[in-house]
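# Chains, contacts and geometry: an overview
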Amino acid sequence: MAELPETRGRRIGRWLLVLFYAAAGVAHFLFTDAMARIVPAWVPWDAHEVVLTTGAAELICAVALLTRRWRLAAGWALALYALCVWPANVKHAMIDLAWLGGSGGGLSAWYHVPRLLAQPLIMAWALWAVGAVRVERGSLH
């Protein structure tokens, strides 16, 4: 699938995506222990290795977004990545929120609910910013 022409809005969206995933990738290396706690138990690898590997993947994709050759692949990879980390975000909410059986002592619903609801938007953002999809009048094409 060929990418759509890059508009000014797409370019800005792509650069914001670069910053977003570069910051997230660095955070994986700075807060490895905290992030390892939210890796679901069913993931068959060491949680710390998963966090470090996904952090590296975020950084690699952020750099790839800066290239014409790899930006489309990076957008698809980041959209899939956002889907794959959704279970960790759900687990994080379940740990923190008392009404989901958690301790009630972590981050609030004001953090978790928007984060969980934003996941599909982040996927769409990655695909739109690299020109994989077109947005017309509020619908994805």
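Scope of this entry: the structure provided in the associated data block. (Residues numbered from 1 in each chain as written. Predicted model: local features only at pLDDT ≥ 70, side-chain atom pairs only at ≥ 80, totals over all residues. Heavy atoms only, no water.)

Take the nonpolar core next. Judged by nonpolar contacts, the single largest core of 21 residues is most densely connected at Leu17, Tyr21, Leu65 and Leu78. Contributions of two or more residues to this core are made by α1 (8-30), α3 (47-64), α4 (71-84) and α6 (109-129). For this core, the leading source of residues is α4, giving six residues. Sequence-distant contacts of Leu65, that is, excluding residues within four places in its chain, are made with Arg14, Leu17, Val18, Arg71, Ala74, Gly75, Leu78 and Val130. (Core = buried A, V, L, I, M, F, W, Y, C linked by side-chain atoms within 4.5 Å. Buried < 20%, exposed > 50% of the residue type's maximum accessible area, 1.4 Å probe, protein only. Helix = DSSP H or I, 4+ residues; strand = E, 2+ residues; numbered from the N terminus. Contact = heavy atoms within 4.5 Å.)

Turning to helix α5 (residues 86-96), a few remarks are in order. Spacing of three or four residues puts side chains on the same side of an α-helix, whose turn is 3.6 residues. Those residues of α5 not exposed but buried are Ala88, Asn89, His92, Ala93 and Asp96. Looking straight down α5, one finds its buried side chains confined to an arc of 140°; they lie on one side. Summarising the contacts, the buried residues of α5 are in contact with α6. (Arc of directions from axis to C-beta.)

As a further point, take the packing of α4 against α6. At a minimum axis distance of 8 Å, the contact between α4 and α6 shows a crossing angle of 170°. Of the possible angle classes, the one that applies to α4 and α6 is roughly antiparallel. Residue-level inspection shows Gly75, Trp76, Leu78, Ala79, Ala82 and Leu83 of α4 in contact with α6, the latter providing Gln119, Ile122, Met123, Ala126 and Leu127. Of the residues belonging to the contact of α4 with α6, the class tally is nine nonpolar, two polar and no charged. (Axes fitted to C-alpha atoms, helices over the stretch in contact; angles between N-to-C directions. Parallel < 35°, antiparallel > 145°, perpendicular 65-115°, else oblique. Nonpolar A, V, L, I, M, F, W, Y, C, P; charged D, E, K, R; others polar.)

Here we come to the packing of α1 against α3. Where α1 meets α3, the axes come as close as 8 Å, and the angle between the chain directions of the two elements is 155°. Classified by the angle between their axes, α1 and α3 sit roughly antiparallel to one another. For the pair α1 and α3, the sense of crossing is left-handed. On the side of α1, the interface is formed by Val18, Tyr21, Ala22, Ala24, Gly25, Val26, His28 and Phe29, while α3 contributes Val51, Leu52, Thr54, Gly55, Ala56, Glu58, Leu59 and Ala62. Here the residues of the contact of α1 with α3 are counted per class, giving eleven nonpolar, four polar and one charged. (Left-handed = near helix turned anticlockwise from the far one by under 90°.)

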